[in-house]
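Each chain, letter by letter, is given below.
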Amino acid sequence: MRYLFVSCYYELKRILRNRLSLLLLLGLPLLLIFLIGNGLQLADAKVRTVVYLADDGPLAASVHSYLEEQERLSVHYADSAAGVEQQMNRQNADYGVMIPAGFSRSVLAGESVQWTFYPGQLSTRNMTAEAVLSGYLDTLKQQLVLSSSALSGQATAMPHNEGSTEGVHITTLASNASELGTLSTLQYYSAAYMIMFLFYSSMGTIFRLLQERDQRTLHRLAAMPSSLGAVVAGKALGMLLFAAFQAVIVVLASHYLYGVDWGGDSLRLGVVIVLTIASAVALAVVVASLSKSAKTAETLYTLLVVVMTFVSGGMIADVGLLAAAGPFTINYWSSGSIRMLMSGDAAGAADMLGGLACITGVLLVLAFWRMRKVVSLT
């Protein structure tokens, strides 16, 4: 037991001495969470929309009410069409729209009417605004068809919206929203990138054992009075403790610096982190046992982590058909468990945690079976 803790101590000391590696493993995930989380959150921010409502007919109130109810828009009103253009030219707004005088009269008379749109520089915000505005026209059409009494006359015509809905991808916006659920982009990518970097911090010691085996320095460890198993276990324990330390730093720093809410169940969050680290180490052992050199093992493992992160939605929330492969990755269950905890879904988190535990158990069995191949001195 003494040799185990001595080996653990020196492994931790070796890891902490490498300042560049320490900086990358602790600082890079926080940097990526900040850049990607905040960068993609721009698409989730309200679209500043300037509106000139020249119409004073019976439909003007419904337009005003509809726009005020939209959570995706931050609506401001201009006094004229020139005011809309001025706001757009000064970049004080993301999108502009001019609703002409006589809009209500034209709709009720079944005549065509044209809205004027002023797209901004950000295509994502243009699509958001156009989708919301087109939604009003669709709603109005249904009201006119289904309830003629609502407009005090027979109104079945749809205003002619000349080219206003071209290029609007409503389904794409809805898909992204469903993937992120009730989470912010910072929360979503905090979970994904913490899991990814736990894999990277958990691989070093295992592949270093391969290097020591190839360089014959592992023979010296085998010559010590203690068993080689105790020395290897100590090294693995040191790596596990550092990975846990890394997770604590990422969770606390992202919470206090970026305001990321990791949920109120710290115990389950800790269990997810421990199981993820155990899975990552076991996977590294399996990959190392199947590789001829440390370099090959490290390359394969790195590629595998990137692929698992991508197909599980860790880099892009909606990966299309590749999402079907997500449940076959560790990241899917680890990140999914954390997201469930963040959103307060205890039942969903328990299900995801159960799946992660099963995967971890299988990988640990394979790792114990293949570990002898990694430290074999022959």
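See above for the structure.
Definitions and limits used
Residues numbered from 1 in each chain as written. Predicted model: local features only at pLDDT ≥ 70, side-chain atom pairs only at ≥ 80, totals over all residues. Heavy atoms only, no water. Pairing = 2+ DSSP bridges. Helix = DSSP H or I, 4+ residues; strand = E, 2+ residues; numbered from the N terminus. Right-handed = clockwise from strand over helix to strand, strands pointing away. Axes fitted to C-alpha atoms, helices over the stretch in contact; angles between N-to-C directions. Parallel < 35°, antiparallel > 145°, perpendicular 65-115°, else oblique. Left-handed = near helix turned anticlockwise from the far one by under 90°. Contact = heavy atoms within 4.5 Å. Nonpolar A, V, L, I, M, F, W, Y, C, P; charged D, E, K, R; others polar. Core = buried A, V, L, I, M, F, W, Y, C linked by side-chain atoms within 4.5 Å. Buried < 20%, exposed > 50% of the residue type's maximum accessible area, 1.4 Å probe, protein only. Salt bridge = Lys/Arg side-chain N within 4 Å of Asp/Glu carboxyl O. Patch = residues over 30% accessible without salt bridge, like charges linked within 9 Å, V, L, I, M, F, W, Y side chains within 5 Å. Areas by Shrake-Rupley, 256 points an atom, 1.4 Å probe, with all protein chains shown as cover. Phe/Tyr/Trp six-rings, centres within 6.5 Å; stacked < 30°, edge-to-face > 60°. Lys NZ or Arg CZ within 6 Å of the ring centre and 35° of its normal.

S.K.: Please provide a residue-by-residue account of the pairing of strand 2 (residues 73-77), values included.
M.R.: As judged from the 5 bridges shared by strand 1 (residues 47-53) and strand 2, these two strands associate in the parallel manner. Following the sheet pairing, V51 is matched in strand 2 by Y77. In the classification by handedness, the crossover that spans strand 1, the intervening helix 3 (residues 60-69) and the parallel strand 2 is right-handed.

S.K.: Any chance you could break down the packing of helix 8 (residues 185-201) against helix 14 (residues 330-343) for me, citing the residues and the numbers?
M.R.: The packing of two helices is summarised by the inter-axis angle and the distance between the axes. In contact at an axis separation of 9 Å, helix 8 and helix 14 are set at 140° when each is read in the N-to-C sense. Put simply, helix 8 runs oblique to helix 14. Note that helix 8 runs across helix 14; the crossing there is right-handed. From helix 8, Q187, Y188, A191, A192, M194, I195 and F199 reach across to helix 14, where they touch I330, N331, S334, S335, I338, R339 and M342. Here the residues of the contact of helix 8 with helix 14 are counted per class, giving 9 nonpolar, 4 polar and 1 charged.

S.K.: Residue-level account of the nonpolar core, with values.
M.R.: Within the largest apolar cluster, 62 residues are counted, with the highest numbers of intra-cluster contacts made by M194, F199, I206, F207, W262, Y301 and I338. Counting residues per element, the ones that place at least two in this core are helix 2 (19-41), helix 8, helix 9 (204-214), helix 11 (228-258), helix 12 (266-289), helix 13 (294-311), helix 14 and helix 15 (346-374). Looking at which element gives the most residues to this core, the answer is helix 12, with 13 residues. Ranked by size, the runner-up nonpolar core spans 22 residues in total, among them V47, V63, V75 and I99.

S.K.: So what's going on with the packing of helix 8 against helix 13? Residues and values would help.
M.R.: Two elements in contact, helix 8 and helix 13, have axes separated by 10 Å at closest approach and are oriented at 170°. Comparing the axis directions of helix 8 and helix 13 gives the class roughly antiparallel. Our pair here, helix 8 against helix 13, has a crossing hand that is right-handed. Between helix 8 and helix 13, the residues in contact are M196, F199 and Y200 and Y301, T302, V305, V306, M308 and T309, respectively. When its residues are assigned to classes, the contact of helix 8 with helix 13 shows 7 nonpolar, 2 polar and no charged.

S.K.: Explain the pattern of salt bridges to me, and be specific about the residues and the numbers.
M.R.: Enumeration over the complete set of coordinates arrives at 1 salt bridge. Between D265 and R268 there is a salt bridge whose closest N-O contact spans 3.5 Å. When its relative accessible area of 29% is taken as the criterion, D265 is described as partly exposed.

S.K.: A description of the side chain of T49 should follow, citing residues and the corresponding values.
M.R.: Considering the arrangement of structural elements, one finds T49 in strand 1. Ignoring any residue separated from it by four or fewer positions in sequence, one finds T49 in contact with L73, S74, V75, H76 and Y95.

S.K.: Give a description of a nonpolar patch on the surface that names residues and reports values.
M.R.: A surface patch of nonpolar side chains, about 540 Å² in accessible area, is lined by L20, L24, L28, L31, F34 and L35. Secondary-structure assignment places L20 in helix 2. You can call L20 exposed: its relative accessible area is 58%.

S.K.: Describe the packing of aromatic side chains, with residues and values.
M.R.: What the rule picks out here adds up to 11 aromatic pairs. Taken together, a centroid distance of 5.9 Å and an interplanar angle of 20° make the contact between W115 and Y136 stacked. In this pair, W115 sits in the loop between helix 5 (103-108) and strand 4 (116-118) while Y136 sits in helix 6 (residues 123-146), placing the two residues 21 residues apart along the sequence. Comparing W115 with Y136 shows no difference in burial state: the two are buried. Between Y188 and Y189 the ring centres are 4.9 Å apart and the planes differ by 75°, which places this aromatic pair in the edge-to-face class. Residue Y188 is classed as buried on the basis of its relative accessible area of 1%. R370 extends its terminal NZ or CZ atom over the ring of W369, reaching a point 5.5 Å from the ring centre.

S.K.: Describe the side chain of Q187, with residues and values.
M.R.: With respect to the helices and strands, Q187 occurs in helix 8. What makes Q187 buried here is its relative accessible area of 10%. Once residues within four sequence positions are removed from consideration, Q187 is found in contact with V260, D261 and M342.

S.K.: Outline the sheet that holds strand 3 (residues 95-99), supporting the account with residue identities and numerical values.
M.R.: Strand order in the open sheet formed by 4 strands is 2-1-3-4, and the pairing between neighbours is mixed. Since the sheet does not close on itself, it has two edges, and those belong to strand 2 and strand 4, each with one partner. Across the sheet, the mean angle separating the axes of adjacent strands is 20° when strand polarity is ignored. Where helix 3 meets the sheet, its contacts fall on strand 1, strand 2 and strand 3, and the angle it forms with strand 2 comes to roughly 140°. In this fold helix 4 (residues 81-89) packs onto strand 1, strand 3 and strand 4, with an angle of close to 160° to the strand it touches most, strand 1.

By themselves, these observations are geometric and do not establish any function.
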